[in-house]
Amino acid sequence: MTRDGIRIHEEADFAGMHKAGRVAAEILDALPEFVFPGQTTGEIDRKITEMIDARPGVVSATIGYKGYQHASCISVNHVVCHGIPGDKKLKDGDILNVDVTVIVDGWYGDTSRMYVAGKLSRKSERLLQVTHDALMIGLETVKPGKTFGDIGHAIQTYVEAQRMSVVRDFCGHGLGQVFHAPPNVLHYGRPGTGAVLEEGMFFTIEPMVNLGRPDTKVLADDWTAVTRDKSLSAQYEHSLGVTADGCDIFTLSPAGLFHPTYTPE
Ligand code: MF3
Ligand code: CO
Ligand code: CO
């Protein structure tokens with residue numbers, strides 16, 4: 001069954017999403033020890049690949065997706081999203097988003113969080129806090145009868161009140177037994193607009209927040225999206241299902257490490 005082109009899932013489907021979401025979250029939980037100055041994003045991606053390969057029945061959703069060749073996207077500093085893991089070494093104070101999507105028994109678990117190499121600056125700490133809170137505010141809005149515009153509006157209003165900006169060029173998405181499905185989940189918008197949320201809809205919320213202007217551009221590799229003004233960017237992502245009275249988050253961190261991933265001073 002679909003509503004407004006959005007699949008309405010059954011009770012039993014929630015279990016499949018929990019299993020997939022948990023695997024993705026457990027992989028992110030294991031990463032802090034691999035993030036330090038001098039480390040390469042390619043090496044972090046190799047650790048992720050090893051963890052996926054060590055789990056029977058788990059496969060990466062991103063390897064082979066539209067020609068993408070890695071088990072993660074790792075987006076450092078002014079990279080907004082879809083950063084390609086590579087040989088560049090992390091520097092002290094670099095902030096990075098690691099985004100992992102796995103398929104387990106046909107269900108997709110998609111989540112990302114922020115990490116820091118070495119010491120976090122005050123400026124970056126504020127960006128990470130605001131971005132995390134923006135996701136939480138979006139999640140709190142999820143409930144049958146609300147609209148996707150209500151979610152975007154809540155996130156945008158909060159972020160802009162902190163004098164930061166919300167990226168318009170990338171959005172969250174429906175998912176389930178597919179990686180990307182309707183609707184586009186915008187992280188900005190007007191209340192009451194867009195499709196009405198219904199129990200059984202599965203989607204991600206994954207706001208990207210910039211310290212400067214919202215504008216982005218995609219580099220010549222056709223993947224890496226960066227802020228046009230080179231300002232720092234952050235992102236947090238959960239996969240969720242709409243329940244009778246709110247939402248069920250599939251990608252909660254079993255270790256309680258979603259935010260902060262680093263040890264606060
Ligand atoms: N995980 C990303 C998302 O949140 C999509 C990455 S697609 C890739 O939707 F091919 F770049 F990996
Ligand atoms: Co996503
Ligand atoms: Co993702």
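Now for a quick tour of the structure.

## Comments concerning the overall build of the protein chain
- Looking only at helices and strands, the protein chain has 4 helices and 17 strands in total.
- The C-alpha radius of gyration computed for the protein chain amounts to 17 Å, which stays within 12% of the reference 18 Å derived for 265 residues, consistent with globular compactness.
- Oriented by its inertia axes, the alpha-carbon framework of the protein chain measures out at about 50 × 45 × 40 Å.
- Taking all 265 residues of the protein chain together, 57% fall into the buried category.
- Look at the contacts in the protein chain between residues 6 or more apart in sequence, and 71% of them connect residues 24 or more apart.
- Side-chain charges of the protein chain comprise 25 positive and 34 negative groups, with the mean position of each set lying 7 Å from the other.

## Observations regarding the site of ligand 1
- In the vicinity of ligand 1 lie 14 residues, with Thr62, His173, His180, Glu206 and Glu237 positioned nearest.
- A distance of 3.2 Å separates a nitrogen atom of ligand 1 from a polar atom in the side chain of threonine 101.
- Contact with the protein chains removes 97% of the 340 Å² of surface that ligand 1 exposes when unbound.
- Considered class by class, the residues forming the shell around ligand 1 number 5 nonpolar, 5 polar and 4 charged.

## With respect to the pairing of strand β7 (residues 107-116)
- Of all 10 residues making up β7, 10 are buried, and the element is well covered by its neighbours.
- As judged from the 10 bridges shared by strand β6 (residues 95-104) and β7, these two strands associate in the antiparallel manner. Residue isoleucine 103 lies in a different strand from β7, and its bridge partner there is tyrosine 108.
- If you look at the hairpin formed by β6 and β7, you'll find 2 residues sitting between the two strands, and aspartate 105 has a positive phi there, around 50°.

## With respect to the coordination of the cobalt ion (ligand 2)
- Of the protein atoms, only Asp110 (OD), His173 (NE2), Glu206 (OE) and Glu237 (OE) coordinate the cobalt ion (ligand 2), at distances of 2.0 to 2.2 Å.
- For the cobalt ion (ligand 2), the 6 donor atoms are set out with angles of 50 to 160° between them, so the coordination reads as irregular.
- Along the chain, the residues donating to the cobalt ion (ligand 2) fall in the pattern D-x62-H-x32-E-x30-E.
- Separating the cobalt ion (ligand 2) from the cobalt ion (ligand 3) is a gap of 3.3 Å, bridged by aspartate 110, which donates to each. You can see aspartate 110 sitting in strand β7 and its partner glutamate 237 sitting in the loop between β15 (233-235) and β16 (238-242), a full 127 residues away along the chain. The pair aspartate 110 / glutamate 237 is uniform in exposure class, with both members buried.

## Some words on the sheet that holds strand β8 (residues 165-166)
- Across the sheet, which stays open at both edges, the 3 strands sit in the order β8-β12-β15 with antiparallel pairing between neighbours. Two strands lie at the open edges of the sheet, namely β8 and β15, each paired on one side alone.
- Of the pairings in the sheet, the one linking strand β12 (residues 208-210) to β15 comprises 3 bridges and is antiparallel in character. By the bridge assignment, valine 209 is partnered in β15 with alanine 234.
- Of the strands in this sheet, β12 and β15 touch helix α3 (residues 122-141), which is tilted by about 35° from β15.

## Quick notes on the pairing of strand β4 (residues 72-76)
- With 5 of 5 residues buried, β4 is to be regarded as a mostly interior element.
- Residues Ser72, Ile74 and Val76 of β4 are buried on one face, and the alternating residues Cys73 and Ser75, pointing to the opposite face, are buried as well.
- One ladder, built from 5 bridges, connects β4 with β6; its direction is antiparallel. Following the sheet pairing, serine 75 is matched in β6 by asparagine 97.

## A closer look at the coordination of the cobalt ion (ligand 3)
- Every protein donor of the cobalt ion (ligand 3) is listed here as Asp99 (OD), Asp99 (OD), Asp110 (OD) and Glu237 (OE), and their distances to the metal cover 2.0 to 2.3 Å.
- Geometry at the cobalt ion (ligand 3) is irregular, judged from the 6 donor atoms that bind it and their angles of 59 to 169° at the metal.
- Sequence spacing of the donors to the cobalt ion (ligand 3): D-x10-D-x126-E.

Quick notes on the rules
- Residues numbered from 1 in each chain as written.
- Chains lettered and ligands numbered in written order.
- Predicted model: local features only at pLDDT ≥ 70, side-chain atom pairs only at ≥ 80, totals over all residues.
- Heavy atoms only, no water.
- Helix = DSSP H or I, 4+ residues; strand = E, 2+ residues; numbered from the N terminus.
- Rg over C-alpha atoms; globule rule 2.2 N^0.38 Å.
- Buried < 20%, exposed > 50% of the residue type's maximum accessible area, 1.4 Å probe, protein only.
- Contact = heavy atoms within 4.5 Å.
- Lys, Arg positive; Asp, Glu negative; His and termini not counted.
- Charge placed at Lys NZ, Arg CZ, Asp CG, Glu CD.
- Near = heavy atom within 4 Å.
- Polar contact = N/O pair within 3.5 Å; in protein donor to acceptor, adjacent residues only side chain to side chain.
- Areas by Shrake-Rupley, 256 points an atom, 1.4 Å probe, with all protein chains shown as cover.
- Nonpolar A, V, L, I, M, F, W, Y, C, P; charged D, E, K, R; others polar.
- Pairing = 2+ DSSP bridges.
- Donors = N, O, S within 2.8 Å, 3.2 Å for Na, K, Ca; no water.
- Tetrahedral: all angles 85-135°; square planar, octahedral: opposite > 155°, others 65-115°.
- Axes fitted to C-alpha atoms, helices over the stretch in contact; angles between N-to-C directions.

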